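Listed here are the chains, written in short residue letters.
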Amino acid sequence: MGTSPDIALVARNQAEQLGAFLHDAGRKAPEKIRVWDETLRDGEQSPGVCFTAEDKLDIAKLLDGMGVAVIDAGFPMVSEEERRAITAIAREGLSAAVGATVRAVPADIDAALRCEVREVHMFLPTSGLHLRHKLGISAEDAISRAVAAVEHAKRHGLVVDFIAEDATRTPMEYLLRFYRAVIDAGADRVMLTDTVGVMSPEAMFRFSRMVMDALGKKAEFAVHCHNDFGLAVANTLAAVLAGATYPTVTVNGIGERAGNAAFEETVMGLEHLYGIRTGIATERLAELSLLVERRSGMFNQPHKPVVGFNAFRHESGIHVDGVLQHTGTYEPIQPEEVGCCRSFVLGKHSGRSLVTALLASRALTASEEQVRAIAEDVKLTKERSPRERIHRTAHERDAYHREVLGFPEEQFWQLVQRHLGNAA
Ligand code: MN
């Protein structure tokens with residue numbers, strides 16, 4: 001599998017296109033990148049998701065076992081349970097660097113220190129929109145606040161990743177001044193952050209290259225992209241091509257609004273399309289995806305790339321026939337690479353190949369005419385299948401989203417009454 005001369009030729013053609021692009025852009029793809037997982041922080045910020053300390057530890061252990069380099073364990077200021085979870089992960093002795101997310105204020109950094117992490121993911125917005133309307137501070141105040149916070153963290157021996165929130169909507173001149181200030185203050189890594197997912201891959205490539213060319217080798221670069229236009233993975237890959245070595249991802253792409261760059265898609269894209277080693281045990285991607293689905297309560301769409309229920313299922317007669325002869329015909333990723341299984345599905349688009357293969361699996365033989373008749377019956381059966389189950393599931397799903405991925409309104413007003421008494 002994957003070894004046929006045709007497949008090797010396709011891979012060579014892809015590599016040639018990419019090589020020509022990088023040559024034109026005056027860039028070399030990084031040889032090695034380090035995966036930074038944000039599932040336990042940004043992923044948990046998906047509306048309605050709430051991991052227990054046990055969930056977080058289980059997920060962190062699997063991430064670590066698969067070769068993740070950096071784990072954001074959470075945001076200490078959120079709750080006592082959150083601090084317990086972060087501390088437990090920090091104490092686990094993982095190979096991955098375990099960090100916590102903090103605002104650029106001493107109280108947050110001190111809380112992270114009490115959770116025993118050695119790394120902080122420190123954020124402060126840089127765009128005028130955020131500084132003016134969210135924090136009400138000037139651009140110059142933001143720089144001094146950031147520098148003071150980095151110095152505070154460095155005095156306590158922490159590795160500091162500085163996240164310039166909303167960086168992609170920040171004027172370049174100011175952004176570079178901001179990055180330089182935090183790097184000079186001791187930040188080890190800075191992040192190219194597309195907080196609201198407004199970049200295109202071309203813009204992200206150019207933006208990342210401008211920042212990295214201006215700042216040179218003074219720091220390492222991480223990239224963080226959101227999926228509001230469905231481009232989080234593409235934009236992340238573009239920044240990596242420009243030289244960012246720490247792509248941040250979340251398992252199944254969960255995260256605020258439309259989510260983040262999906263772990264499994266980013267890793268497979270880097271490995272397959274760019275030939276960049278990630279150090280990730282890809283054969284456990286399906287297991288990781290399932291664990292996060294079950295613990296987050298956010299279930300993947302069937303056609304989710306790489307790990308979706310349909311990612312390696314085939315119904316159409318033409319596709320089934322192709323895959324039965326050579327899996328490379330319609331499968332750019334082989335299911336075993338990611339711990340999934342291939343399957344064939346009977347349905348409206350079924351052809352004779354699958355019917356013949358199923359008969360053969362029971363050592364049955366049939367004439368061509370019989371096979372054709374069976375295939376026709378399969379189509380008719382599917383076309384006449386009742387719809388009630390779809391309607392019922394849609395209903396259940398809507399209720400599930402409201403009730404489980406939300407907070408019951410009635411319960412909120414009961415809480416209010418407990419605090420305000422009859423005034424409520
Ligand atoms: Mn984010």
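Residues numbered from 1 in each chain as written. Predicted model: local features only at pLDDT ≥ 70, side-chain atom pairs only at ≥ 80, totals over all residues. Heavy atoms only, no water.

A. Highlighting the overall build of the protein. In terms of regular secondary structure, the protein is built from 17 helices and 10 strands. For the C-alpha atoms alone, the extent of the protein along its principal axes is close to 80 × 70 × 40 Å. Counting over 424 residues, the protein shows a buried share of 47%. Restricting the contact set of the protein to residue pairs at least 6 apart, pairs at least 24 apart contribute 71%. For the protein, the exposed area adds up to about 21500 Å²; of that, 54% sits on carbon and sulfur atoms. Of the side-chain charges in the protein, 48 are positive and 58 negative, and the distance between the mean point of each set is 1 Å. (Helix = DSSP H or I, 4+ residues; strand = E, 2+ residues; numbered from the N terminus. Buried < 20%, exposed > 50% of the residue type's maximum accessible area, 1.4 Å probe, protein only. Contact = heavy atoms within 4.5 Å. Areas by Shrake-Rupley, 256 points an atom, 1.4 Å probe, with all protein chains shown as cover. Lys, Arg positive; Asp, Glu negative; His and termini not counted. Charge placed at Lys NZ, Arg CZ, Asp CG, Glu CD.)

B. A look at helix 8 (residues 172-184). The terminal C-alpha atoms of helix 8 lie 18 Å apart, and with 13 residues this matches the ideal 18 Å at 1.5 Å per residue to within 8%. Within the sequence span of helix 8, burial applies to Tyr174, Leu175, Leu176, Phe178, Tyr179, Ala181, Val182 and Ile183. (Expected span 1.5 Å × (residues − 1).)

C. Structural view of the coordination of the manganese ion. For the manganese ion, the protein coordination sphere consists of Asp42 (OD), His224 (NE2) and His226 (NE2), at 2.0 to 2.3 Å. The motif formed by the donor residues of the manganese ion, counted along the single chain, is D-x181-H-x1-H. For the pair His224 and His226, a shared accessibility class is recorded, and that class is buried. (Donors = N, O, S within 2.8 Å, 3.2 Å for Na, K, Ca; no water.)

D. View of the packing of aromatic side chains. Enumeration according to the criterion identifies 6 aromatic pairs in this entry. Measuring from centroid to centroid gives 5.4 Å for Phe162 and Phe178, while their planes differ by 65°, and the two rings are edge-to-face. Of this pair, Phe162 sits in strand 5 (residues 159-165) while Phe178 is found in helix 8, placing the two residues 16 residues apart along the sequence. The same class applies to Phe162 as to Phe178, namely buried. Seen from their ring centres, Phe299 and Tyr400 are 5.9 Å apart, and the 45° between their planes marks the pair as tilted. A residue pair is termed long-range when its members are at least 10 positions apart, and Phe299 in the loop between helix 12 (285-296) and strand 9 (313-314) and Tyr400 in helix 16 (residues 388-403) qualify at 101 residues. (Phe/Tyr/Trp six-rings, centres within 6.5 Å; stacked < 30°, edge-to-face > 60°.)

E. Up close: the sheet that holds strand 7 (residues 220-225). Taken in spatial order, the 8 strands line up as 1-2-3-4-5-6-7-8 and close into a barrel, and their pairing is parallel. Across 3 bridges, the pairing between strand 2 (residues 70-72) and strand 3 (residues 97-103) is parallel. Looking across to strand 3, one finds that Asp72 is bridged to Gly99. Strands in contact with helix 10 (residues 232-242) are strand 6 (189-194), strand 7 and strand 8 (246-249); relative to strand 7, the strand with the most contacts, it is inclined by about 165°. (Pairing = 2+ DSSP bridges. Axes fitted to C-alpha atoms, helices over the stretch in contact; angles between N-to-C directions.)

F. The nonpolar core, seen in detail. Within the largest apolar cluster, 99 residues are counted, with the highest numbers of intra-cluster contacts made by Met122, Phe162, Phe178, Leu192 and Phe263. Residues in contact with Met122, not counting those within four places in the same chain, are Val102, Arg103, Ala104, Ile109, Ala149, Val150, Ala153, Val160, Asp161, Phe162 and Ile163. By size, the runner-up hydrophobic cluster in this structure holds 9 residues, among which are Val70, Phe123, Ile163 and Ala222. (Core = buried A, V, L, I, M, F, W, Y, C linked by side-chain atoms within 4.5 Å.)

G. Region of interest: the pattern of salt bridges. Counted according to the given criterion, the structure contains 31 salt bridges. The residue Arg277 makes a salt bridge to Glu271 at a minimum N-O spacing of 2.8 Å. Overall, the relative accessible area of 48% leaves Arg277 in the partly exposed class. For Glu368, the salt bridge goes to Arg352, with nearest N and O atoms at 3.9 Å. Of this pair, Glu368 sits in helix 15 (residues 368-383) while Arg352 sits in helix 14 (residues 352-361), and the two are 16 residues apart along the sequence. (Salt bridge = Lys/Arg side-chain N within 4 Å of Asp/Glu carboxyl O.)

H. The packing of helix 10 against helix 11 (residues 263-273), seen in detail. Axis separation between helix 10 and helix 11 bottoms out at 10 Å; the angle between their running directions is 45°. With respect to helix 11, the axis of helix 10 lies oblique. The two elements helix 10 and helix 11 meet at a crossing, and its hand is right-handed. Where helix 10 approaches helix 11, its residues Val233, Thr236, Leu237 and Val240 are matched on the opposing element by Glu265, Thr266, Gly269 and Leu270. Along the lines of polarity and charge, the residues of the contact of helix 10 with helix 11 split into 4 nonpolar, 3 polar and 1 charged. (Parallel < 35°, antiparallel > 145°, perpendicular 65-115°, else oblique. Left-handed = near helix turned anticlockwise from the far one by under 90°. Nonpolar A, V, L, I, M, F, W, Y, C, P; charged D, E, K, R; others polar.)

I. Seen up close, the layout of surface pockets. Considering only enclosed or pocket space, the largest pocket measures out at about 850 Å³ in volume. When contributions to the lining of the largest pocket are tallied by element, the ones reaching two or more residues are helix 1 (5-25), helix 10 and helix 11. Sort the elements by how many residues they give to the lining of the largest pocket and helix 1 lands first, with 7 residues. For the lining of the largest pocket, a count of residues per class yields 18 nonpolar, 11 polar and 5 charged. For the second largest pocket, the calculated volume is near 690 Å³. Taken together, 31 residues form the lining of the second largest pocket, with Asn252, Phe299, Asn300, Gln301 and Lys304 sitting closest to its centre. Of all the secondary-structure elements, those providing two or more residues to the lining of the second largest pocket are helix 10 and helix 16. (1 Å grid on protein atoms, 1.4 Å probe; cavity = no way out; pocket = protein on both sides within 12 Å on 5 of 7 lines; lining within 4 Å. Points joined across faces, edges and corners; volume = space filled by probe spheres on them.)

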